[in-house]
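Below, each chain spelled out in residue letters.
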Amino acid sequence: MKNYAVVTGASSGIGAATAKLLAANGFHVIAGARRMDRLAELAKSDSNIEIVELDVTDQKSVETLAAKLVGKPVSVLINNAGGAFDAAAVADSDPEIWAKTFEVNVTGAVRMTKALIPIMKAHGQGHIVLMSSTAGRIAYENGGTYIAAKHAVAALAGTLRLELNGEPIRVTEIAPGMVKTDEFAVTRFAGDKVKAAKVYEGVEKPLTDSDIAETIRWAVMLPAHINIDLLVVRPIAQAAQHKVHRILK
Ligand code: 8X3
């Protein structure tokens, strides 16, 4: 029987690319997201992708999925659901957006992790991947909600690794830098595609969702005794958060 990999936020971007790549590499992928129409498209690409409606901010939704997975060989969880929902200075920011950002990026990952740890333990093997960001390692202006939430994800990864020491469960934090996806920057700028495009302006080759999926595939397919604690992944044009080589005409 194939090992199961559960991917959250699988309807687009890094989540969808990861679901496809893991399915192509022999996993039975459980692809979860809220948007079933998008997932239905994804499922057409590979018969090893099983789709499930999932809202990581809803405890019932997470429990319903976990109940289906009891007794199954779940060996990988990719906590990918997340996002940035504003680009405001802290002084101008909305506490509701703070709560939403933490709910999706942090508490959502906690819900999924809590629900699947017993299933991984019963299977005798597990790997929890947390998608943080370079925003989880350094601050920049006008990103406080997302930066704080991703720092929390990084802290969650470190805590879990300590607490699971002695169990056959790996914990990996993947911290992407500039990745150009269809939705990330557009969501951050509340649908403003011009502002979103500026993020990548003049950058010859920002990373793609498939690039990040490849790093995840590598980390989860290493022999089970090798734990990648942290992978910081940037395009070559981005030497540091504020140091981006742009070719502007
Ligand atoms: C996204 C990277 O630079 O927008 O996780 O924070 S950044």
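Here goes a summary of the coordinates provided. (Residues numbered from 1 in each chain as written. Predicted model: local features only at pLDDT ≥ 70, side-chain atom pairs only at ≥ 80, totals over all residues. Heavy atoms only, no water.)

### Notes on the overall build of the protein chain
And step 1. A tally of helices and strands in the protein chain yields eight helices and nine strands.
And step 2. Relative to the compact-globule value of 18 Å for 249 residues, the protein chain shows a C-alpha radius of gyration of 17 Å, a close match.
And step 3. The principal-axis extents of the C-alpha atoms in the protein chain amount to approximately 55 × 35 × 35 Å.
And step 4. Expressed as a percentage of the 249 residues in the protein chain, the buried residues total 50%.
And step 5. Look at the contacts in the protein chain between residues 6 or more apart in sequence, and 68% of them connect residues 24 or more apart. (Helix = DSSP H or I, 4+ residues; strand = E, 2+ residues; numbered from the N terminus. Rg over C-alpha atoms; globule rule 2.2 N^0.38 Å. Buried < 20%, exposed > 50% of the residue type's maximum accessible area, 1.4 Å probe, protein only. Contact = heavy atoms within 4.5 Å.)

### Section: the pairing of strand β1 (residues 4-7)
Within a regular beta strand, the side chains point alternately toward one face of the sheet and then the other, so they alternate between its two faces.
And step 1. Of the two faces of β1, the one lined by Tyr4 and Val6 and the one lined by Ala5 and Val7 are each fully buried.
And step 2. Sheet topology places β1 next to strand β4 (residues 74-79); four bridges connect them, and they run parallel. Residue Val6 lies in a different strand from β4, and its bridge partner there is Leu77. (Pairing = 2+ DSSP bridges.)

### Remarks on the site of the ligand
And step 1. Around the ligand, the neighbouring residues are Ser133, Ala135, Tyr140, Tyr146, Pro176, Gly177, Phe184, Arg188 and Gln241.
And step 2. Residue Tyr140 places a side-chain N or O atom 2.5 Å away from an oxygen atom belonging to the ligand.
And step 3. Interatomic distance of 3.4 Å between a side-chain N/O atom of Arg188 and an oxygen atom of the ligand.
And step 4. Coverage of the ligand by the protein chains reaches 84% of its 240 Å² of free accessible surface.
And step 5. Among the residues forming the shell around the ligand, the class breakdown is five nonpolar, three polar and one charged. (Near = heavy atom within 4 Å. Polar contact = N/O pair within 3.5 Å; in protein donor to acceptor, adjacent residues only side chain to side chain. Areas by Shrake-Rupley, 256 points an atom, 1.4 Å probe, with all protein chains shown as cover. Nonpolar A, V, L, I, M, F, W, Y, C, P; charged D, E, K, R; others polar.)

### Overview of the sheet that holds strand β3 (residues 49-53)
And step 1. In spatial order, the strands read β3-β2-β1-β4-β5-β6-β7; together these seven strands make up an open sheet with parallel pairing. Bordering the open sheet on either side are β3 and β7 (230-233), each of which pairs with just one other strand. On average, each strand axis in the sheet is inclined to that of its neighbour by 15°, with strand direction left out of account.
And step 2. Taken together, the five bridges between strand β2 (residues 28-33) and β3 define a ladder with parallel strand orientation. Pairing of Ala33 across the sheet is with Glu53, part of β3.
And step 3. Packing of helix α4 (residues 95-123) onto the sheet brings it into contact with β1, β4, β5 (126-131) and β6 (169-176), and relative to β4 it is tilted by some 170°.
And step 4. Against the sheet, helix α8 (residues 209-221) makes contact with β4, β5, β6 and β7, and its axis sits at roughly 160° relative to β6, the strand it touches most. (Axes fitted to C-alpha atoms, helices over the stretch in contact; angles between N-to-C directions.)

### Quick notes on the pattern of salt bridges
And step 1. One pass over the structure, following the stated rule, counts nine salt bridges.
And step 2. With a closest N to O distance of 3.7 Å, Lys121 and Glu167 form a salt bridge. With Lys121 in helix α4 and Glu167 in the loop between α5 (144-163) and β6, this pair connects stretches of sequence that are 46 residues apart.
And step 3. By relative accessible area, which is 34% here, Glu167 ends up partly exposed.
And step 4. Across the pair Glu173 and Arg137 runs a salt bridge whose closest N-O atoms are separated by 2.5 Å. Of this pair, Glu173 sits in strand β6 while Arg137 sits in the loop between β5 and α5, and the two are 36 residues apart along the sequence. (Salt bridge = Lys/Arg side-chain N within 4 Å of Asp/Glu carboxyl O.)

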